[in-house]
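What follows is each chain in one-letter form.
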Amino acid sequence: MQNPAALLRTVFGYDSFRPHQEDIVRHVIAGGDALVIMPTGGGKSICYQIPALARDGTGIVVSPLIALMHDQVSALRQFGVRAAYLNSSLSLDAARHVEADLLAGRLDLLYVAPERLLTARFLDHLARVRPALFAIDEAHCVSQWGHDFRPEYVQLSILHERFPEVPRIALTATADAPTRAEIAQRLALQRARHFVTGFDRPNIRYHVRVAEGNAREQMLRFIGERHAGASGIVYCLSRRKVEEVAAWLVSKGLTALPYHAGLDAATRRAHQRRFLDEEGVIMVATIAFGMGIDKPDVRFVAHLSLPKSLEAYYQETGRAGRDGLPAEAWMRYSLADVILLRQFMDASDANEARKRVERHKLDAMLGYCELTTCRRQALLGYFGDARAEPCGNCDNCLTPPEVWDATEPARMALSCVHRTGQRFGVSDLIDVLLGKDDERMRRFGHDRVSTYGIGRALHEREWRAVFRQLVARGHLHVDHEGHGGLSLTAAARPLLRGEETFTLARQHSPAKLPKAGRARAPADMAHGDALFEALRAKRLELARAQAVPPYMVFHDSVLAAMAALRPQSLEELGGISGVGARKLENYGEAFLVVIRAHTAAPVRTG
Ligand code: ADP
Ligand code: ZN
């Protein structure tokens, strides 16, 4: 058996594992089951690809999306891995061919759609070949609560019943504990080791502002100033808005395409293909777009409206900067979005408990938007990954907003939570603070607590902002499963004891924002550099010849390293991260020619 680090180096060209990858890989190679929770772009694929290469037999990967399988297989073949997929897009002939390869042991990895995997025919094949492992990608699809629920995923527990000796690894970026528990239970992964990595995406910079004036124009300026010529995704709430914004961007000379569930499947596929295969395409989309988009060089994700939860926001923004190079998550939201989302929720036919959870999630989202403190700390805190230090790479860290001292109101709010027994929701608490005089107040004895009526100096709207912020910053915990009751956390103590201050953003946010973080995005560190551009042209030529996206030949980061280091031999070139043995053999010489041509040119002065 080959050693995992050697496989990482020779096949993928990477020098070292990322945090947790090696533990996971070793655990699965040794035959253990694993549940892997890692953020988008964290490097989940390696966690099953290397064990599949190291163990005997074919690794079987269950994947929910045809486009995703296709891309993963193309990318693996670039690395010289023997990979194939089986799904409804293949002709009968082609499918038979793949099956024959599987039975003859000619595959390292086989990606399969869940409904295909569950057929008697395929299960019979598996019984004859003894798979190396089962990887269940996007495992949150098994969760009925999630928005990506796939009924076939529930039946995947059959794998454990039929093949108890084959290790299984389930992977997802969905973080929350209830979903995690549901995955483990439904997939019969009770014995699996859980690997939960930190959720930070340090290369993504967050910007959020209330929309004032023309949000589109502001976005256009943002793209023009910071991401000219780069790929990006723009999320809008409605199909109509998607169409309008895409057409408007095109009228401004950008390459933009619409994507939403109202377009026919062929158009959606064609637009997705162009987004992947070309450089500098902006996809304007509803949330229908995204899952299974593995494009590593998306430089920005812009939201022209409010996502419905922080989970959705984190997943959508996480599509930026998978390659680890700097990327930006930019948002303009309005109160109209909040109202619209509330209406959607109220009108949905979900049960009351479900609607309540959704309302709390929206509140958490809004709380995040209104933050005046580090956004990354709040995001990570929400996902249970508390950080002591502000990040220095979000709008609030880079250009602190105008604030007012809300320490006193915050303490009143916390004390009101305490006095009423830590079980009431925001509306009740505000009624107490405002001293509302009604039967409910009297029934619970709230008119007799010491915080009754002490908050009349603020308006209800302001109290809501105070509570949202106390939740967003982790001083209060919302009981999602119950009725939205608020309770104090340990973080509330210093504030209650008067050891900490609490500030809120001024409601009228300043019209003119200071130019936030104009630091040059290192993504374009090499753009404009003649050698980098020549390398990009070579990459495009090689990609076109094989009909694969340019990033599958080499990522931008690899080209940037070539431009900076100017390797002169295959050996030196092979030392660059991302240049595996097969790519070195296939492309090394072609890129060396480009590099030599530039190195030989007379040195420019200045
Ligand atoms: P995920 O599925 O978790 O979103 P991927 O598996 O697509 O993430 O990996 C994201 C990117 O990180 C890919 O471009 C991959 O090649 C790269 N990557 C993964 N592991 C490593 C590593 N150990 N060193 C360098 N790059 C890596
Ligand atoms: Zn920050």
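Note that the coordinates shown come from a computational prediction; the quantities given were computed from them, not determined experimentally.

Cys374 (SG), Cys391 (SG), Cys394 (SG) and Cys397 (SG) make up the full set of protein donors to the zinc ion (ligand 2), lying at 2.3 to 2.4 Å. Every donor counted, the four donor atoms about the zinc ion (ligand 2) form angles of 100 to 120° at the centre, which fits tetrahedral coordination. For the zinc ion (ligand 2), the single-chain donor residues occur in sequence as C-x16-C-x2-C-x2-C.

Time to look at the site of ligand 1. Residues in close proximity to ligand 1 total 15 residues, the closest being Tyr14, Gly41, Lys44, Ser45 and Arg322. The side chain of Ser45 places a nitrogen or oxygen atom 2.6 Å from an oxygen atom of ligand 1. If ligand 1 stood free it would expose 560 Å²; the protein chains cover 84% of that surface. Among the residues forming the shell around ligand 1, the class breakdown is four nonpolar, eight polar and three charged.

Looking now at the domain arrangement of the protein. In terms of domain boundaries, the protein breaks down into domain 1 (4–196), domain 2 (204–400), domain 3 (403–506) and domain 4 (522–600). The gap between the C-alpha centroids of domain 1 and domain 3 is 47 Å.

A complete count under the given rule lists 17 aromatic pairs for this structure. An angle of 35° between the planes, with centres 6.0 Å apart, marks the rings of Phe199 and Phe383 as tilted. Here Phe199 is found in the loop between β7 (193–196) and β8 (204–210), whereas its partner Phe383 is found in the loop between α17 (375–382) and α18 (395–398), with 184 residues between them in sequence. The exposure classification of Phe199 matches that of Phe383, with both residues buried. On the numbers, 5.3 Å between centres and 70° between planes, the contact of Phe554 with Phe591 is edge-to-face. With Phe554 in the loop between α25 (550–553) and α26 (556–565) and Phe591 in helix α28 (residues 581–600), this pair connects stretches of sequence that are 37 residues apart. Taking relative accessible area as the criterion, Phe554 reaches 2% and is therefore assigned buried. Each residue in the set Phe199, Tyr314, Tyr382 and Phe383 is aromatic and connected to the rest through ring pairs, giving one cluster. The residue whose ring lies beneath Arg216 is Trp248, and the NZ or CZ to ring-centre distance is 5.9 Å.

Moving on to the nonpolar core. Within the largest apolar cluster, 101 residues are counted, with the highest numbers of intra-cluster contacts made by Leu110, Leu306, Tyr313, Tyr368 and Met562. Once residues lying within four places of it in the same chain are set aside, the contact partners of Tyr368 are Tyr206, Val208, Leu310, Tyr313, Arg375, Leu379 and Ala472. Grouped together as the second largest cluster of nonpolar side chains are 34 residues, Ala52, Val73, Ala83 and Ala135 included.

Per the stated rule, a full pass over the model turns up 41 salt bridges. Between Arg216 and Glu244 there is a salt bridge; the shortest N-O distance is 3.0 Å. Within this pair, whereas Arg216 is found in helix α11 (residues 215–226), its partner Glu244 is found in helix α12 (residues 239–251), the two being separated by 28 residues in sequence. Overall, the relative accessible area of 22% leaves Arg216 in the partly exposed class. Judged by its relative accessible area of 32%, Glu244 is partly exposed. Across the pair Arg539 and Asp556 runs a salt bridge, and its minimum N-O distance is 2.9 Å. Placement of the pair is Arg539 in helix α24 (residues 530–546) and Asp556 in helix α26, with a sequence separation of 17 residues. The network of salt bridges with common partners includes Glu279, Glu533, Arg536, Arg539 and Asp556.

Bringing helix α22 (residues 460–472) into the picture now. Between the first and last C-alpha of α22 there are 18 Å, a value that for 13 residues agrees with the 18 Å anticipated at 1.5 Å per step. Turning to α22, its buried residues are Trp463, Ala465, Val466, Phe467, Arg468, Gln469, Leu470 and Ala472. Gly474 occupies a position one or two residues after α22 and carries a positive phi of about 85°.

Below, the discussion takes up the confidence of the model for the protein. With 94% of its residues at a pLDDT of 70 or more, the protein has an overall mean of 89. Per-residue pLDDT stays below 50 along residues 508–525; that stretch engages in 24 contacts with residues further than four places along the chain or on separate chains.

Further remarks concern the sheet that holds strand β1 (residues 34–37). Two orientations exist for strands paired in a sheet by backbone hydrogen bonds: parallel and antiparallel. Strand order across the open sheet formed by seven strands is β3-β4-β2-β5-β6-β1-β7, with parallel pairing between neighbours. Two strands in the sheet have a free side with no partner beyond their single neighbour: β3 (83–86) and β7. Averaged over all pairs of adjacent strands, the angle between their axes in this sheet comes to 20°, without regard to strand direction. When strand β2 (residues 59–62) meets strand β4 (residues 109–112), the two strands line up parallel, connected through four bridges. For Val61, the partnering residue across the bridge sits in β4 and is Tyr111. Helix-sheet contacts for helix α3 (residues 45–54) involve β2, β4, β5 (133–136) and β6 (168–172), and the interaxial angle to β4 is about 135°.

What the six strands build is an open sheet, ordered β8-β13-β12-β9-β11-β10; its pairing is parallel. With partners counted over all chains shown, the strands left at the sheet margins are β8 and β10 (256–259), one partner each. Strand-to-strand, the axes of this sheet are offset by a mean angle of 15°, without reference to chain direction. Note that strand β9 (residues 231–235) and strand β12 (residues 298–303) share five bridges and pair parallel. Across the sheet, the residue bridging to Val234 is Ala302, located in β12.

Reading guide: rules and limits
Residues numbered from 1 in each chain as written. Chains lettered and ligands numbered in written order. Predicted model: local features only at pLDDT ≥ 70, side-chain atom pairs only at ≥ 80, totals over all residues. Heavy atoms only, no water. Donors = N, O, S within 2.8 Å, 3.2 Å for Na, K, Ca; no water. Tetrahedral: all angles 85-135°; square planar, octahedral: opposite > 155°, others 65-115°. Near = heavy atom within 4 Å. Polar contact = N/O pair within 3.5 Å; in protein donor to acceptor, adjacent residues only side chain to side chain. Areas by Shrake-Rupley, 256 points an atom, 1.4 Å probe, with all protein chains shown as cover. Nonpolar A, V, L, I, M, F, W, Y, C, P; charged D, E, K, R; others polar. Domains from an automatic or database assignment. Phe/Tyr/Trp six-rings, centres within 6.5 Å; stacked < 30°, edge-to-face > 60°. Helix = DSSP H or I, 4+ residues; strand = E, 2+ residues; numbered from the N terminus. Buried < 20%, exposed > 50% of the residue type's maximum accessible area, 1.4 Å probe, protein only. Lys NZ or Arg CZ within 6 Å of the ring centre and 35° of its normal. Core = buried A, V, L, I, M, F, W, Y, C linked by side-chain atoms within 4.5 Å. Contact = heavy atoms within 4.5 Å. Salt bridge = Lys/Arg side-chain N within 4 Å of Asp/Glu carboxyl O. Expected span 1.5 Å × (residues − 1). pLDDT = per-residue confidence, 0-100. Pairing = 2+ DSSP bridges. Axes fitted to C-alpha atoms, helices over the stretch in contact; angles between N-to-C directions.

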